[in-house]
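Summary of the model geometry
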2 protein chains.
Amino acid sequence: MSALQTIYRHPLLTAEELEIIFKAHRKITFNKGDFLLKKEQVADGYFCVEKGLIRSYVYDFNGNDITTGFIGKNEIAIDVISLFHRIPSVEYFQALTDCECYVIDLESFQRLYHSIIGLNEWGRAWMSESLFELKQRTISMITDSATERYERLQSRHPHIVQQSPLKFIASYLGITDTSLSRIRKELVKEN
Amino acid sequence: MSALQTIYRHPLLTAEELEIIFKAHRKITFNKGDFLLKKEQVADGYFCVEKGLIRSYVYDFNGNDITTGFIGKNEIAIDVISLFHRIPSVEYFQALTDCECYVIDLESFQRLYHSIIGLNEWGRAWMSESLFELKQRTISMITDSATERYERLQSRHPHIVQQSPLKFIASYLGITDTSLSRIRKELVKEN
DNA sequence: TGAATTTCTTGTCTTATGGCAAGTAGATTG
DNA sequence: CAATCTACTTGCCATAAGACAAGAAATTCA
């Protein structure tokens, strides 16, 4: 099962339509460290991840880089605002490992989006799903301790914890690498 | 200028289309304390706020209510997931003050959404804008101190600080009412 | 392979925020 | 008007996480 099949699964999309959608993508690989998108660039497409791990991040006012998200297998690396509003990105998207992706450019997407009614629905479903997950994360940032957030990340997205350096996970969780190191130590001690 | 005119302003929507859209809404008022939507209910429309302040919140595992957002004049009170996925809400939406809103039900929206191409674009723009703001907030929760978050809320959304009890603002900022009270005291002292 | 770089850990001290409890002031209600 | 409530403040002490710095371990690279 390819990433595309998983990503585009939707009740309103037929096998034929999916075929058309898949064909609009082309395969692209990234080496560890490569950028899929940099700050100030205008995104011209989005990436469906087949293999590997990507990190999105921003710089805060102190110059620290803050991990805003991880994108792994069967997920989409996209800066929604930059792509659809045609404005420069504020985020960086960088490959944490060698990656295999399928990319589709905006023009192709727009064309399909207007001709395949189900894709329209799929897009809205995807966006509202993203909104929901982000909301969950915001609530978690408020109500859960750093330890709890780490444990949840570990159980729900073990591949992130396995593939990403500790400092990126730490900034994603909103703590320093020092603190995360200590949290890990405590968790090991407990079990 | 009514809330509807502000909310639905979009380059692809003509005056005639706007007229049709506006007519699909009906006015509805809420008294302080009324619920627009409760947990477990399936949303059947969304509310464009003309006047007043609404609070959305969830209960965390400890039974504390956590404010997830404030919705004021010219903003939309909506549970995207519940409305479009037809599933029970996890949030409560409650009027903090007497409110005047314009409500549109899902069916009417769907009909317009499929007949007015610009509304389609408007919807996507609205959703991506929401995604962006939520992302900003998540980053702020990580990189800014509680004091900074409060000051920003105060400068960007003074009406919230003016109309909402301190405890709701506190939970929105991710701190206790006690802490927010102290932060306020410090800020007053500084100026 | 050896040097350089990055990653991770650990120690010490500081600080922001929380938990709990008491108390005041203002609003609401019977 | 008195009796409750609710909102807010304040004090005391506990704790999670940060700042800074040193060093160990792992990885990268020439």
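Here the structure is a predicted model, which means the values were calculated and not measured.

1. Some thoughts on the pattern of salt bridges
Once their charged atoms are close, side chains differing in charge can pair, the charge on each being opposite to the other. Residues and elements named next belong to chain B. Counted by the stated rule, this structure contains 14 salt bridges over all chains. Residue Arg-124 pairs with Glu-121 through a salt bridge whose shortest N-O separation is 3.4 Å. You can see Arg-124 and its partner Glu-121 sitting in helix α5 (residues 117-143), three residues apart, about one turn around the helix. Look at Arg-124 and you get buried, because its relative accessible area is 9%.

2. As for the interface of chain A and chain B
Across the boundary between the two partners, chain A contributes 38 residues, which contact 38 residues of chain B. For the pair chain A and chain B, the summed buried area comes to about 3300 Å², and 71% of that belongs to carbon and sulfur atoms. Counting the contacts that link chain A with chain B gives two salt bridges. The residue Lys-135 of chain A makes a salt bridge to Glu-91 of chain B at a minimum N-O spacing of 3.6 Å. The tally of links between chain A and chain B comes to three residue pairs in polar contact (both at pLDDT 80 or more). Listing elements by their share of the side of chain A that touches chain B, those giving two or more residues are β5 (65-71), α3 (80-85), α4 (106-115), α5 (117-143) and α8 (166-173) of chain A. Classifying every residue of the side of chain A that touches chain B gives 18 nonpolar, eleven polar and nine charged.

3. Here's the deal with the protein's contact with DNA strand C
By nearness alone, 14 residues border DNA strand C, and Leu-166, Lys-167, Ser-181 and Arg-182 of chain A together with Ser-179 of chain B come closest of all. Contact between DNA strand C and Ala-146 of chain B: a phosphate oxygen at 3.2 Å from a main-chain N or O atom of the residue. Ser-179 of chain B places a polar side-chain atom, nitrogen or oxygen, 2.4 Å from a phosphate oxygen of DNA strand C. Among the secondary structure elements, those contributing two or more residues to the surface near DNA strand C are α8 and α9 (177-190) of chain A together with α9 (177-190) of chain B. Here the element with the most residues in the surface near DNA strand C is α9 of chain A; it accounts for four residues. In the surface near DNA strand C, the residues fall into four nonpolar, six polar and four charged.

4. Quick word on the environment of Ile-28 of chain A
All names here are of chain A. One can find Ile-28 in strand β1 (residues 26-30). Sequence-wise, Ile-28 and Asp-98 are 70 residues apart; in three dimensions their C-alpha atoms are separated by 11 Å. Residues within four places of Ile-28 in sequence aside, it is in contact with Phe-47, Cys-99, Glu-100, Cys-101 and Val-103.

5. So, the nonpolar core
Proteins that are soluble and globular tend to have nonpolar side chains buried together. Ranked by size, the top nonpolar core spans 84 residues in total, and within it Tyr-8 and Tyr-46 of chain A together with Tyr-8 and Tyr-46 of chain B carry the most contacts. Apart from residues no more than four positions distant in its own chain, Tyr-8 of chain B is found in contact with Leu-13, Leu-18, Ile-21, Phe-22, His-25, Tyr-46, Cys-48, Ile-104, Leu-119 and Trp-122 of chain B.

6. Description of the sheet that holds strand β2 (residues 35-37) of chain B
Backbone hydrogen bonds hold the strands of a sheet together, and the pairing may be parallel or antiparallel. Residues and elements named next belong to chain B. As summarised here, the arrangement of the four strands in space is β2-β7-β4-β5, forming an open sheet in which the pairing is antiparallel. At either end of the open sheet lies a strand with only one pairing partner, and these are β2 and β5 (65-71). Here the average twist between neighbouring strands, direction ignored, is 30°. Here four bridges tie strand β4 (residues 54-59) to strand β7 (residues 92-95), and the two strands are oriented antiparallel to one another. Residue pairing across strands places Tyr-57 opposite Tyr-92, the latter belonging to β7. Here helix α8 (residues 166-173) sits on the sheet in contact with β4 and β5, set at roughly 95° to β5.

7. Focus: the environment of Glu-40 of chain B
All names here are of chain B. By the element assignment, Glu-40 lies in the loop between β2 and β3 (45-51). Spatially, the C-alpha atoms of Glu-40 and Phe-132 are 27 Å apart, while their sequence positions differ by 92 residues. Residues in contact with Glu-40, not counting those within four places in the same chain, are Pro-88 and Ser-89.

8. A word on the side chain of Ser-171 of chain B
Tracing the backbone through its elements, the reader meets Ser-171 of chain B in helix α8. Among the polar contacts listed, one links the side chain of Ser-171 of chain B to the side chain of Thr-67 of chain B, at a separation of 2.9 Å. A distance of 3.3 Å separates the side chain of Ser-171 of chain B from the backbone oxygen of Phe-168 of chain B, its partner in a polar contact. If near-sequence neighbours (up to four positions away) are discounted, Ser-171 of chain B is found in contact with Ile-142 of chain A together with Asp-65, Ile-66 and Thr-67 of chain B.

9. What about the domain arrangement of chain A?
All names here are of chain A. As far as domains go, chain A holds domain 1 (3-143) and domain 2 (145-191). Look at where the C-alpha atoms of domain 1 and domain 2 centre, and you get two points 24 Å apart. Counting from both sides, the interface comprises 16 residues of domain 1 and, opposite them, 14 residues of domain 2. Across the interface of domain 1 and domain 2, roughly 1200 Å² is buried in total on both sides, 62% from carbon and sulfur atoms. It is Leu-53, Phe-70 and Met-141 that lose the most area in domain 1 upon contact with domain 2, and together they represent 39% of the buried surface on that side. In this structure, the connection of domain 1 to domain 2 is made through zero salt bridges. The interface formed by domain 1 and domain 2 includes three residue pairs in polar contact (both at pLDDT 80 or more).

Calculation rules
- Residues numbered from 1 in each chain as written.
- Chains lettered and ligands numbered in written order.
- Predicted model: local features only at pLDDT ≥ 70, side-chain atom pairs only at ≥ 80, totals over all residues.
- Heavy atoms only, no water.
- Salt bridge = Lys/Arg side-chain N within 4 Å of Asp/Glu carboxyl O.
- Helix = DSSP H or I, 4+ residues; strand = E, 2+ residues; numbered from the N terminus.
- Buried < 20%, exposed > 50% of the residue type's maximum accessible area, 1.4 Å probe, protein only.
- Contact = heavy atoms within 4.5 Å.
- Buried area = accessible area lost by both parts, 1.4 Å probe.
- Polar contact = N/O pair within 3.5 Å; in protein donor to acceptor, adjacent residues only side chain to side chain.
- Nonpolar A, V, L, I, M, F, W, Y, C, P; charged D, E, K, R; others polar.
- Near = heavy atom within 4 Å.
- Core = buried A, V, L, I, M, F, W, Y, C linked by side-chain atoms within 4.5 Å.
- Pairing = 2+ DSSP bridges.
- Axes fitted to C-alpha atoms, helices over the stretch in contact; angles between N-to-C directions.
- Domains from an automatic or database assignment.

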